[in-house]
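Architecture and fold: a report
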Amino acid sequence: MTYNEETGVYTVTLSEFDTVCQSLGENTVETAYKFNITEIDSIESLTEAVINCPCYCDLSHTTLPSDNTYLLKVFFNCVKLVKSPIIPDGVTNLAWAFRGCTNLKEVPIIPDSVTNLGQAFRDCVNITEVPFISNNVTNFLNAFSGCANLKQVTIDFNETATMEGTFSGCSNLERIYLFDDNLTKARALVAAVESGIL
């Protein structure tokens, strides 16, 4: 384990992670410990370690292994996760990946390879904006449902995507930015919002 005083990041192997967390002790969301977790032998092992961690974690300095394309439920209901690891290019499925992460503050950059965001960020009540989402995503089913503090989204809208419930319960949503000026896409999105589908 090493600690960088300048960045405040602890670099630990996955096998060291639990011991380091225990030694650091409890903290708050505002004082989440920053980790760069290395030597991740499996996504399942990382999931178990983070879910069982006694402290709040900022994993934005950790990169998930690039050989995993399917991250279904990877951090499901992980209330100690404050910032997500970096999601590598090549990942296609983020369904339920962060659902119920009620202390997650930011949506990570979503690679263009992702096609499935079904329920990915459902009930992540502390996220306020979503970075660019490509039109490769074909499943948005309840993707941001229940994100009560979500204010803005940037999306290259795919009018053929499954969108039911995408922004259901997003009572503070103010803006949806379209990445291009495609009028057909804009009309489809407006129609979906007006009909209550989203």
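In what follows, the structure referred to is the one given above.
Thresholds, definitions, all that
- Residues numbered from 1 in each chain as written.
- Predicted model: local features only at pLDDT ≥ 70, side-chain atom pairs only at ≥ 80, totals over all residues.
- Heavy atoms only, no water.
- Helix = DSSP H or I, 4+ residues; strand = E, 2+ residues; numbered from the N terminus.
- Polar contact = N/O pair within 3.5 Å; in protein donor to acceptor, adjacent residues only side chain to side chain.
- Contact = heavy atoms within 4.5 Å.
- Buried < 20%, exposed > 50% of the residue type's maximum accessible area, 1.4 Å probe, protein only.
- Arc of directions from axis to C-beta.
- Pairing = 2+ DSSP bridges.
- Right-handed = clockwise from strand over helix to strand, strands pointing away.
- Axes fitted to C-alpha atoms, helices over the stretch in contact; angles between N-to-C directions.

What follows deals with the side chain of Thr13. Turning to its location among the elements, Thr13 is positioned in strand E2 (residues 9-13). For Thr13, the side chain forms a polar contact with the side chain of Ser15, separated by 3.1 Å. Other than its neighbours up to four places away in sequence, Thr13 contacts Ile37, Thr38 and Glu39.

The next point concerns helix H1 (residues 14-24). Three- or four-residue spacings in an α-helix give side chains the same orientation, since the helix completes a turn every 3.6 residues. For H1, the set of buried residues is Leu14, Phe17, Val20 and Cys21. Down the axis of H1, the buried side of the element spans an arc of 105 degrees, and every buried residue falls inside it. Seen from the buried face of H1, the exposed residues on the opposite side, beyond 90 degrees, are Ser15, Thr19 and Ser23. Buried positions along H1 lie against E2, strand E3 (33-38), helix H2 (43-51) and strand E4 (57-58). Phi for Gly25, located one or two positions after H1, is positive at around 85 degrees.

Here the focus is the side chain of Asn116. With respect to the helices and strands, Asn116 occurs in the loop between strand E5 (81-83) and strand E6 (129-133). Judged by relative accessible area, which is 17%, Asn116 ranks as buried. When residues no more than four places from it in sequence are discounted, the contact partners of Asn116 are Thr92, Asn93, Leu94, Ala95 and Asn139.

This next bit is on the pairing of E3. Of the two faces of E3, only the one carrying Tyr33, Phe35 and Ile37 is buried; Lys34, Asn36 and Thr38 on the other face are not. The pairing of E2 with E3 spans five bridges and is parallel. Paired with Val9 across the two strands is Lys34, which belongs to E3. Read from E2 through H1 to E3, the crossover connection turns out right-handed. Taken together, the two bridges between E3 and E4 define a ladder with parallel strand orientation. Paired with Tyr33 across the strands is Cys57, a residue of E4. Taken together, E3, H2 and E4 constitute a β-α-β crossover, and its handedness is right-handed.

Glancing now at H2. Within H2, burial applies to Ile43, Leu46, Thr47, Ala49 and Val50. Burial along H2 is one-sided: seen end-on, the buried residues are contained in an arc of 165 degrees. Along H2, the residues that are exposed and aim more than 90 degrees away from the buried face are Glu44 and Glu48. Taken together, the buried residues of H2 touch H1 and E3.

Turning next to the sheet that holds E5. Strand order in the open sheet formed by five strands is E1-E2-E3-E4-E5, and the pairing between neighbours is mixed. Each edge of the open sheet is held by one strand with a lone partner, namely strand E1 (2-4) and E5. Where H1 meets the sheet, it contacts E2, E3 and E4, and its direction lies at approximately 135 degrees from that of E2.

Purely spatial values, then, with no claim about function.
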